[in-house]
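Topology and contacts: notes
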Amino acid sequence: MVPSRRTWNLGATPSLRGLWRVGRAGEPEPGMARPAPASPAARPFPHTGPGRLRTGRGRDSPAGGDEDSSTRSAARPALAQCRALSVDWASPGSPHRLYLTLQQALRDKGCESKSQGAKEEKLLKRQAPAPRRGREAQEAGGTMNVEKTGGRLFGSGRCSSLSGPPGAAPVVRRMVEAMSQLQEEKAQLQEELVALRERLAVCDSDQQATSTQLQNQVEHLKQKLISQAQEVSRLRSELGGTDLEKHRDLLMVENERLRQEMRRCEAELQELRAKPVAPCTGCEHSQESAQLRDKLSQLQLEVAENKGLLSELNLEVQQKTDRLAEVELRLKDCLAEKAQEEERLSRRLRDSHETIASLRAQSPPVKITMYESELERAHGQMLEEMQSLEEDKNRAIEEAFARAQVEMKAVHENLAGVRTNLLTLQPALRTLTNDYNGLKRQVRGFPLLLQEALKSVKAEIGQAIEEVNSNNQELLRKYRRELQLRKKCHNELVRLKGNIRVIARVRPVTKEDGEGPEATNAVTFDPDDDSIIHLLHKGKPVSFELDKVFSPQASQQDVFQEVQALITSCIDGFNVCIFAYGQTGAGKTYTMEGTLENPGINQRALQLLFSEVQEKASDWEYTITVSAAEIYNEVLRDLLGQEPQEKLEIRLCPNGSGQLYVPGLTEFQVQSVEDINKVFEFGHTNRTTEFTNLNEHSSRSHALLIVTVHGVDGSTGLRTTGKLNLVDLAGSERVGKSGAEGSRLREAQHINKSLSALGDVIAALRSRQGHVPFRNSKLTYLLQDSLSGDSKTLMVVQVSPVEKNTSETLYSLKFAERVRSVELGPGSRRAELGSWSSQEHLEWEPACQTPQPSARAHSAPGSGTTSRPGSIRRKLQTSGKSRPLPV
Ligand SMILES: Nc1ncnc2c1ncn2[C@@H]1O[C@H](COP(=O)(O)OP(=O)(O)OP(=O)(O)O)[C@@H](O)[C@H]1O
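Source: prediction; values computed, not measured.

Reading guide: rules and limits
- Residues numbered from 1 in each chain as written.
- Predicted model: local features only at pLDDT ≥ 70, side-chain atom pairs only at ≥ 80, totals over all residues.
- Helix = DSSP H or I, 4+ residues; strand = E, 2+ residues; numbered from the N terminus.
- Buried ≥ 20, exposed ≤ 12 C-beta atoms within 10 Å, placed from the backbone.
- Contact = placed C-beta atoms within 7 Å.
- Core = buried A, V, L, I, M, F, W, Y, C linked by C-beta atoms within 7 Å.
- pLDDT = per-residue confidence, 0-100.
- UniProt positions renumbered as here; feature names shortened; annotations may be inferred.
- Pairing = 2+ DSSP bridges.
- Axes fitted to C-alpha atoms, helices over the stretch in contact; angles between N-to-C directions.
- Expected span 1.5 Å × (residues − 1).
- Parallel < 35°, antiparallel > 145°, perpendicular 65-115°, else oblique.
- Left-handed = near helix turned anticlockwise from the far one by under 90°.
- Nonpolar A, V, L, I, M, F, W, Y, C, P; charged D, E, K, R; others polar.

With that settled, the discussion passes to the overall build of the protein chain. A tally of helices and strands in the protein chain yields 22 helices and 15 strands. Here the protein chain holds 887 residues, and the buried ones make up 31% of them. In the protein chain, the share of contacts with a sequence separation of at least 24, taken over all contacts with a separation of at least 6, comes to 70%.

If you look at the biggest cluster of nonpolar residues, it comprises 84 residues, and the most contacted ones within it are A504, I578, F579, V707, M795, V797 and A816. At 10 residues, helix α17 (residues 742-766) tops the list of elements feeding residues into this core. In contact with F579, other than residues within four places in its own chain, are V727, L729, M795 and V796.

Attention shifts here to the confidence of the model for the protein chain. Chain-level statistics for the protein chain give a pLDDT mean of 70 and a share of 64% at 70 or above. For the protein chain, the element scoring lowest by mean pLDDT is helix α22 (residues 853-858), at 28; strand β5 (residues 548-550) scores highest, at 94. Below a pLDDT of 50 lies the segment residues 277-283, which in the model reaches eight contacts outside its immediate sequence neighbourhood of four places, other chains included. Considering only residues more than four positions removed or in separate chains, one finds that residues 823-870, a stretch of pLDDT under 50, has 114 contacts. In the predicted complex, the global pTM is 0.46; the interface-specific ipTM is 0.98.

Under the local residue numbering, the UniProt record ascribes the feature "coiled-coil region" (unreviewed entry) to residues 172-344, 372-399 and 454-485. The distance separating the terminal C-alpha atoms of residues 454-485 is 43 Å; by composition the span is 100% helix and 0% strand.

Moving on, we get to the sheet that holds strand β3 (residues 529-537). If you walk across this open sheet you meet the three strands as β2-β3-β4, and the pairing is antiparallel. Every other strand in the sheet has two partners, leaving β2 (523-526) and β4 (540-545) as the edge strands with one partner each. Ignoring which end each strand starts from, the neighbouring axes of this sheet average 30° apart. As paired elements, β2 and β3 share four bridges and run antiparallel to each other.

Between its terminal C-alpha atoms helix α12 (residues 556-571) stretches 22 Å, which fits the 22 Å expected from 16 residues at 1.5 Å a residue. Taken residue by residue, α12 has V559, F560, V563, L566, I567, S569, C570 and I571 as its buried positions. G573 lies just past α12 and shows a positive phi near 105°.

What follows deals with the pairing of strand β15 (residues 792-799). Most of β15 sits inside the fold, with eight of its eight residues counted as buried. Going residue by residue along β15, you find K792, L794, V796 and Q798 tucked away on one face and T793, M795, V797 and V799 tucked away on the opposite face as well. Where strand β1 (residues 500-506) meets β15, seven bridges bridge the pair, whose relative direction is parallel. If you follow I500 over to β15, its bridge partner there is T793. In the sheet, strand β6 (residues 576-581) pairs with β15 via six bridges, with the strands oriented parallel. Bridge pairing in β15 places Y581 opposite V797.

The subject of this paragraph is the pairing of strand β7 (residues 620-632). Sheet topology places β7 next to strand β13 (residues 702-713); 12 bridges connect them, and they run antiparallel. Paired with E621 across the strands is V712, a residue of β13. In terms of strand pairing, β7 meets strand β12 (residues 668-670) through three bridges, oriented antiparallel. Considered in β12, the bridge of T625 is made with Q669. Here four bridges tie β7 to strand β8 (residues 635-638), and the two strands are oriented antiparallel to one another. Bridged to I631 within β8 is L636. Remark: two residues form the turn of the hairpin made by β7 and β8, two consecutive strands paired antiparallel; N633 in that turn has positive phi of roughly 55°.

Bringing helix α14 (residues 601-615) into the picture now. Taking 1.5 Å of rise per residue, the 15 residues of α14 would be expected to cover 21 Å, and the 20 Å separating its terminal C-alpha atoms lies within 8% of that figure. Considered for burial, the residues of α14 that qualify are I601, N602, Q603, R604, A605, L606 and L609.

Turning our eyes to something else, we now look at the environment of E256. On the secondary structure map, E256 appears in helix α9 (residues 242-274). When the C-alpha positions of E256 and K222 are compared, they lie 9.8 Å apart, and in sequence the two are 34 residues distant.

Each pair of packed helices can be summarised by the angle the axes make with each other and by the distance between the axes. Interaxial distance between α12 and α14 falls to 10 Å at its minimum, and their mutual angle equals 45°. Relative to α14, the element α12 is oriented oblique. As for how α12 packs across α14, the hand of that crossing is right-handed. Across from V559, F560, V563, Q564, I567, T568 and I571 in α12, the residues of α14 making contact are I601, R604, A605, L608, L609, E612 and V613. Classifying every residue of the contact of α12 with α14 gives 10 nonpolar, two polar and two charged.

With that out of the way, let us pick up unusual backbone geometry. A positive phi angle, close to 55°, is found at N633, a residue other than glycine. Residue position: N633 is located in the loop between β7 and β8. On the neighbour-count criterion, N633 (15 C-beta atoms within 10 Å) is partly exposed.

Let us look at the environment of V218. Structurally, the position occupied by V218 is in helix α8 (residues 169-239). With 41 residues separating them in the primary sequence, V218 and R259 have C-alpha atoms 7.7 Å apart.

Here's what the structure looks like:
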């Protein structure tokens, strides 16, 4: 793989690491100049090779004298040092090592100067033998010596030619010798100076060459650094290592710093080169040497500093190298693993190929071809599917993109709208925030306020409850007082109106009345006074005044309104009796029971009771019970009992209250009008099974509907009981006068007796007699508690309007007027009562005792009967069906 190869190339790429390794271990990197071998002769050192030094020296003294050899021997260690340091020429600090070498050489030269002094001393010491040699030379030919020295001031021949006095000659000779010596020395020094200049020139050239080489090396290093940086960036991209990046940066910084150092060294070299070489005099030379020494020592110090820096850099680079080596190792490991994996996979591939080959060899070629074709087909299908899937995907992407764009547009629009709203809402929000903060403050204080409010409210409520309690007590007291007052007022009203009120109702002319003169209307009314009725009897008009007179046009409701107050007083605990009185067919049953469509007093009274009870249900609890009975021939029967034929007796309550009760009389508790209807149906069924001619029977019996209302006041515990007796009396016609006989006569006698007893009781009650003859008939005895005391009685006198019934009408109206006149005033009442009682009694008595045959025909049952559903006294013709018993 390419990365791994790159990684392997890393080690082969020339690097700073390789350079420094060369500098340390002397092992060259490929492509680099090999360092000088251990042998100086074999080491190719182009700049400061020993050959050049030797050559320079050899020019002065080719044969190599002692001084030359000593100089060579003194410069050799410096040269060796240079050679030893030459391995560092690759490093940026190498020029300083050259100066070090030169300094050493100069130091050696200093030694040579010292040795020169020693030579002078030697020369001085050799002064003694010198004259001897002079003498020898003089003896051997001193002129030759002078010639030999030539133009020299201190030539030995000259000295030998000077001959002075015997005392001064040796001194002069010595001086001459010394001068010649000095001249020689001077010449030598001049030679040496020239040599030094040459050496300096050589050094300059060497330095130039070194500088060039250094520049080349710097360039090389730059290239290496660039490649290294590229390598590091590549490594960083491969390894993602941040550390490598840091190392690269550090290396670049160091590189820059070294470059600067190099530039500085180059400048210094230039400076050295530019410095002019002064004329060589003794003093100037020494001064120059001293300056050179200072400069060199300064350079040495800098070189030492640079060395330290280089060692530090060396260490850092070594660390980085180690890290790179680690990375390389890891990469190697990875590569090795990858190679192993490849090897393993290739092995598997080979195995698979072998297996396929073996399988091919085993299976028939046809099958393989089939498989292959199948595989190709499947592959083609798969490609097609993939292509179609790709198309679908692209399509879906495009659609989604379009949708997304549309949605994005909408979202942007919404966003704009929202922004606008936001802008408009911001002030509102601020206001709301302020409000909210205000509310928060209020809410914080709310519990305290609430507690206080609750406390005050509790106190107020307690106070209010106390006030309400006291008010309730006061109201209750007032209510009781008002109740009593109302009762008192009612009693007073009843007293003023009369405990017994009498009203008349004239029925309309019916088909049953027939036609002709007998069926003509004989009753008229006063249009200005509804209590007056006029009857045309045998051609003479007779007028009667009653409490109220209802014409044939009066409705059931009109009549009921007149009796409504009495029924309401029953709820208040009064006993009430409402009688319907009149001859047969005058409309008694119609007024009391009515029809299904147009119910009479009974139904309406019960409806009123139920509605009143419901109205008072919040305060009062009422129980309404009903009983139905009839009195026929002074026999009391229970119309709601299981045994209608059973004769019932009226008895005093055993509790000593003086109240009467009928043992065995059935009572039904009713809660609705429907219950009442069921009760009536049941009673009617009893009557139809008992009597073959119900119409006749009903006309000859008193039918009583007894409604008892028990009430309990929930607040006061007051208990009331009121009894409402609704009585449909038997026909009042004077059967005795019509000559009835047998059972009809007996019926008439019982009817007359009971009606006479009713008149007696009423007369006794109104005249406040001590004895009221209730027991004279079953009817009055049964109604005793409803006729006495504060009880109220209403008698509805039913009148037939036709001519043929005027006699019975006259009789009924006379009876009604007399009953009513009893209560008009105590005085008159008593007087009239006495008159009425005696006359009527007298009139009735003979009738009872000697019934007239004509009466039988007059009281023929069944005349004028019509259908009255829901009636206890319902006529046979209208009661075609029987209903289930009330539950
Ligand atoms: N106010 C009235 N309006 C219309 N029809 C009436 C009225 N009063 C009575 N009638 C009719 O007159 C006829 C006789 O009435 P009803 O049977 O009530 O008389 P009665 O006095 O009850 O007779 P009985 O003594 O035989 O029971 C019935 O057909 C009845 O419908």
